[in-house]
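Coordinate inspection notes
Chain by chain, the residues:
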Amino acid sequence: MMVKTGILEKLLGSIVEEKIEVVDMSQILNESTPVIQLPEPITNTGGFKLKQLSKYNETGPTFYWNDFVAGEHCGTHFDAPVHWISGKGLDSVDTIPTKNMIGEANVIDIREKVQENPDYCLTVEDIQSFEKQYGKLKKHSWVLVHTGWAKYVDDLEKFYNIGEDGLSHTPGVTKEATLFLVEQRDILGIGVETVGTDAGIADSFDPPLPVHYYMLGANKYGLAQLTNIDKLPAKGSVLIVNPLKIENGSGSPLRVIALVEKE
C-alpha cells in the first residue's frame, strides 16, 4: 500500500508541536466516583471497584496489575441507543459505527441560567441563540451543555443536589430541545456534566427522561459526567469518544478527549 502524507501528518505534527491541545474530558474512576441513584425497586448500577492482584510482590514479583468491576454507566460514560426502551433493537456499544466516535463539539453555555435555577433545562431558544452567533449546528456533531456542574464532582451533596422534596435538582434539556436536535439538526448526541443526560426532575416530564427517550430512540447517543468543558471553544473542537467494545453493552465508561486548536 502506498504511504500517504498530508492531512494526518499535519494533524500529528500540530499535536506534537502543541498547536493543537488535547483536552481530557473524563473524570477519574475510583470508589468515590459518583453514580446515578434511582429509587427502589429499580436496581442501581454499581460503582467502580479495584482489586489488586499483584504489585511487584509474591503474587507477581515483576509486575503490577489489577482486576476492576464497574457499572456500564459509571463515571464519565456513554449511553448507547439500546440503553433505553425506545432504542430497543438499535445499536449497542459494540455495533455503533466507528466514524460516529469522532465529531465536532458545539458547547452551549447556560451557566448563568443554571446558577439562578438548578432545574434549568436547555431550550430551543438557547440553541437558536447559539446558532445566531456561531452558525447552524452541523449533522454529525455533538452538543455539549455547559452548566458548570462538573465543579461539584468532589462534593456529592452539591453534585446530587437532593432537595427537601427528595428530588435531585440538576440541569438538563427540554423535550422540545431534544426533539429539535434529533429531527431538525440530526446531531450525533448530547453531552452533559451531570450524573445523567436528563435533568434531575425529568422523571416528572412527559415522557419521562426525554433525552433518553428521544435521543436514544433515534439511534443517537448520550455522554454523561464530562469535565473540562470550559477548556473548549463554543465551536470547532473535535470530540473523540471511545466506549469499550462490550458485546450487547448498553453503555461504557469513557476516556473522552477533545482536540482544540490553539490561537
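For the structure itself, consult the block above.
Source: prediction; values computed, not measured. (Residues numbered from 1 in each chain as written. Predicted model: local features only at pLDDT ≥ 70, side-chain atom pairs only at ≥ 80, totals over all residues. Heavy atoms only, no water.)

1. A few points about the packing of aromatic side chains
Here the structure, examined in full by the defined rule, presents 9 aromatic pairs. Taken together, a centroid distance of 6.2 Å and an interplanar angle of 55° make the contact between Tyr 56 and Tyr 64 tilted. Classification of Tyr 64 as partly exposed rests on a relative accessible area of 37%. Ring geometry for Tyr 213 and Tyr 214: centres 5.1 Å apart, planes at 85°, overall edge-to-face. Here Tyr 213 falls in the partly exposed class, since its relative accessible area comes to 35%. Through a chain of ring-to-ring contacts, the aromatic side chains of Phe 78, Trp 142 and Tyr 221 assemble into a single cluster. Stacked on the ring of Tyr 64, the Lys or Arg Lys 55 has its end atom at 4.8 Å from the ring centre. (Phe/Tyr/Trp six-rings, centres within 6.5 Å; stacked < 30°, edge-to-face > 60°. Buried < 20%, exposed > 50% of the residue type's maximum accessible area, 1.4 Å probe, protein only. Lys NZ or Arg CZ within 6 Å of the ring centre and 35° of its normal.)

2. As for the side chain of Ser 141
By the secondary structure assignment, Ser 141 is in strand β7 (residues 141-146). Side chain to side chain, Ser 141 and Asn 106 meet in a polar contact 3.2 Å long. (Helix = DSSP H or I, 4+ residues; strand = E, 2+ residues; numbered from the N terminus. Polar contact = N/O pair within 3.5 Å; in protein donor to acceptor, adjacent residues only side chain to side chain.)

3. Section: the packing of helix α3 (residues 124-134) against helix α5 (residues 175-185)
Two elements in contact, α3 and α5, have axes whose closest approach is 8 Å; the angle formed by their N-to-C orientations is 50°. Classified by the angle between their axes, α3 and α5 sit oblique to one another. Along the contact surface, α3 presents Val 124, Ile 127, Gln 128 and Glu 131, while α5 presents Glu 176, Ala 177, Phe 180, Leu 181 and Arg 185. Classifying every residue of the contact of α3 with α5 by side-chain character gives 5 nonpolar, 1 polar and 3 charged. (Axes fitted to C-alpha atoms, helices over the stretch in contact; angles between N-to-C directions. Parallel < 35°, antiparallel > 145°, perpendicular 65-115°, else oblique. Contact = heavy atoms within 4.5 Å. Nonpolar A, V, L, I, M, F, W, Y, C, P; charged D, E, K, R; others polar.)

4. Quick word on the pairing of strand β13 (residues 257-261)
As paired elements, strand β1 (residues 20-24) and β13 share 5 bridges and run antiparallel to each other. Opposite Glu 21, over in β13, you have Val 260 as the bridge partner. Relative to β13, strand β11 (residues 235-240) runs antiparallel, the two sharing 3 bridges. Looking at β13, one finds that Val 238 is bridged to Leu 259. (Pairing = 2+ DSSP bridges.)

5. Examining the sheet that holds β1
Spatially, 9 strands are ordered β1-β13-β11-β5-β7-β9-β10-β4-β12 in an open sheet, and the strand pairing comes out mixed. At either margin of the open sheet sits one strand with a lone partner, and together these are β1 and β12 (251-253). Across this sheet, the average inter-strand angle for adjacent strands is 25°, counted without regard to direction. Set on the sheet, α3 makes contact with β5 (102-109) and β11; between it and β5 the angle comes to about 110°.

6. Remarks on the pairing of strand β2 (residues 49-57)
The sheet contact formed by β2 and strand β3 (residues 60-69) spans 7 bridges and is antiparallel. Paired with Lys 51 across the two strands is Asp 67, which belongs to β3. Joining the antiparallel neighbours β2 and β3 is a turn of 2 residues.

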